[in-house]
Amino acid sequence: MSTLAAQWDALTIDELRARGSTKWTMFPDAIGAWVAEMDFGIAPPVADAIRATADRLETGYMPKALARDLGEASAAFLKRSFAWEVKADHVGLLGDVLRAYELAFTYWRKPDQPIVLPTPAYPPFMSLPARQGVEVIQVPCQRDENGVWRLDEAGIEAALAERGGLLVLCSPHNPLGRLYSRAELERVAAIATRTGARVFADEIHAPLNFGGQHIPYASLNAQTAAHTITAISASKAWNIPGLACAQMVFSNDADAETFVGLGHHTTRGASNVGVRASIAAYNDGGDWLAEVTTYLDGNRKHLAQRIERELPGAVHRAPEATYLAWIDVSQLTNRRDLAPMLREEAKVAVTGGEDCGLEGAGSFRLNLATPRPILDEALDRIFGVLHKRR
Ligand SMILES: Cc1ncc(COP(=O)(O)O)c(C=O)c1O
């Protein structure tokens, strides 16, 4: 076992709670296994970059050169990791990916068009547009004969057929953990092309995969480059969501110009320290990320084995990417409000499937980015409650 893995194994619940993150402080009597934060600290080059920002007294408004450096680091990272060539000046800077989503549905969707959202989905994909009166059409994914979650392609096409719209493609998928194949993405591309849709590709989880190949949707072909707005961030893979930095990646000149035209006050929000940390993550964070993904790979396999052995009737498939596991326990309990139930009875805070869209009720999302002994403790508690309910 590597030194880092041994250190992570030894972390305690009290230590994690003392760090004060949202995951561990929102429900002080429960194990935090909900919001997408990791418990593994940060990569040494990222820590150095954070300290260097303070040492340089780099606390004024962001200089243009710093934003440019992040554009270059992002473009180099995308090329190295996914063979996707983007222009450094087509990388726009924002505080977070949800802001990118908001811009996408505000400026890259006509007012009468819907957002089309495969579900289950990251909850703010529904709540954020709903609060602004924007229509969201949910299209539930379906499990195929091998238990693999698939996009409902016919449903997506039907939802886009009348008025076009903005299709949200969360790739890799939160919460189903799917890493979409080229063939699947090509079929989505054909649908978007036929219906004249725009696609918001949220690829925030892309660096976190287990040997599979993430294919940036916009990199597929000329059509996807023309109709896609991509959002990325170092925040998930390098665990820096509190530092405020995300990127919109444009794959055609017109969209890049639209972004610039929105002006600084629309596109603001990234912090200097977040930009410095993201540059360090993209340029120098590969070794640490490899350790993290190895550890997560162990956790996802461990979870799948324990569910198979100890929770017959639960439906689960180990995620192909990222650290969020989707577990359907609808055959084990009649309760459909799993988040409050597990919080109260198991003292584990998970994300309820009921918050992830139509047909999510009866499932829950578990965050695996935690020390294995704590994962085991969470599973002992959850399984105990579900066994009692049989
Ligand atoms: C798919 C997805 N998109 C966006 C976000 C939010 O990212 P940000 O904090 O940059 O808005 C998350 C956070 O968990 C996520 O899982």
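Here is what the cut-offs are and how they apply
Along each chain, residues carry numbers from 1 onward, in the same order as the chain's sequence is written. Only residues with pLDDT of 70 or above have their local features reported here, since the model is predicted, and side-chain atom pairs are shown and tallied only from 80 upward, although totals for entire chains, interfaces and linings are computed over all residues. Strand pairing requires that DSSP identify at least two bridges connecting the strands. Numbering goes from the N terminus for both helices and strands, where a helix is a DSSP run of H or I of at least four residues and a strand is a run of E of at least two. With C-beta atoms placed from the backbone, a residue is buried if 20 or more other C-beta atoms are within 10 Å of its own, exposed if 12 or fewer are, and partly exposed between those counts. The start and end points of each domain follow an automatic or database-based domain assignment. In this description, any two residues whose backbone-derived C-beta atoms lie within 7 Å of each other are considered to be in contact. Here the nonpolar group is Ala, Val, Leu, Ile, Met, Phe, Trp, Tyr, Cys and Pro; Asp, Glu, Lys and Arg are the charged ones; every other residue, Gly included, is treated as polar. Working note: the arc is built from the helix axis to C-beta atom directions. Each axis is a line fitted through C-alpha atoms, taken for helices only over the stretch in contact, and angles between the N-to-C directions span 0 to 180 degrees. To decide nearness, the C-beta atom of each residue is placed from the backbone, and the residue is near a molecule or strand if that atom lies within 6 Å of it.

Attention now goes to the sheet that holds strand β11 (residues 315-316). The strands that make up a sheet pair up through hydrogen bonds in the backbone, lying either parallel or antiparallel. Taken in spatial order, the four strands of this open sheet run β11-β12-β15-β14, and their pairing is antiparallel. Where the open sheet ends on each side, the last strands, each with one partner, are β11 and β14 (351-352). Bridging between β11 and strand β12 (residues 324-328) involves two bridges; their strand directions are antiparallel. If you follow H316 over to β12, its bridge partner there is I327.

Let us now look at unusual backbone geometry. Geometrically, the link from T119 to P120 is a cis peptide bond, its omega value of 5° lying close to zero. Looking at where P120 falls in the secondary structure, it is placed in the loop between β3 (115-119) and α7 (124-131). Cis peptide bonds are those with omega within 30 degrees of zero, and the linkage from S171 to P172 qualifies with -5°. Take P172: it is sitting in the loop between β7 (166-170) and α9 (182-195). With a phi close to 55°, A83 is a non-glycine residue in the positive phi region. Residue A83 is classed as exposed on the basis of its 11 C-beta neighbours within 10 Å. Within the chain, E359 stands out as a residue other than glycine whose phi angle is a positive 70°. Structurally, E359 can be placed in the loop between β14 and β15 (363-367). Judged by local crowding, E359 falls into the partly exposed class, with 16 C-beta atoms found within 10 Å.

Below, the discussion takes up the domain arrangement of the protein. Reports of interface size often rely on the accessible area that becomes lost once the parts have come together. Domain assignment breaks the protein into domain 1 (3-32 + 286-389) and domain 2 (46-284). When each unit is reduced to the centre of its C-alpha atoms, the spacing between domain 1 and domain 2 is 25 Å. Listed by partner, the interface residues are 20 residues for domain 1 and 25 residues for domain 2. Within the residue set of the side of domain 1 that touches domain 2, elements represented by two or more residues are α14 (286-310) and β12. By residue class, the composition of the side of domain 1 that touches domain 2 is nine nonpolar, five polar and six charged.

So, about α7. Those residues of α7 that sit buried are F125, M126 and P129. What you see down the axis of α7 is that its buried residues fit within an arc of 100°, all on one side. Relative to its buried face, α7 has exposed residues pointing more than 90 degrees away, namely S127 and R131. Buried residues belonging to α7 abut α6 (97-107), β3, β4 (136-140) and β7. Looking at the residues trailing α7, positive phi occurs at G133, about 75°.

Looking now at the sheet that holds β4. If you walk across this open sheet you meet the seven strands as β2-β10-β9-β8-β7-β3-β4, and the pairing is mixed. This sheet does not close on itself; its edge strands, each paired only once, are β2 (91-94) and β4. Sheet twist, expressed as the mean angle between neighbouring strand axes with direction ignored, is 25°. With four bridges connecting them, strand β9 (residues 228-232) and strand β10 (residues 246-250) associate as antiparallel partners. The partner of I232 across the bridge, within β10, is Q247. Against the sheet, helix α5 (residues 64-82) touches β2, β9 and β10, its axis set at about 120° to β2. With respect to the sheet, helix α11 (residues 253-262) is in contact with β2, β9 and β10, its orientation differing from that of β10 by roughly 140°.

In this section: the site of the ligand. For the ligand, the set of nearby residues contains 13 residues, the closest of which are A36, D96, V97, L98 and N174. In terms of residue class, the shell around the ligand is built from eight nonpolar, three polar and two charged.

This paragraph deals with the pairing of β10. With five of five residues buried, β10 is to be regarded as a mostly interior element. In this sheet, β10 lies alongside β2 in antiparallel orientation, the contact comprising four bridges. Bridging across to β10, V91 finds its partner in V249.

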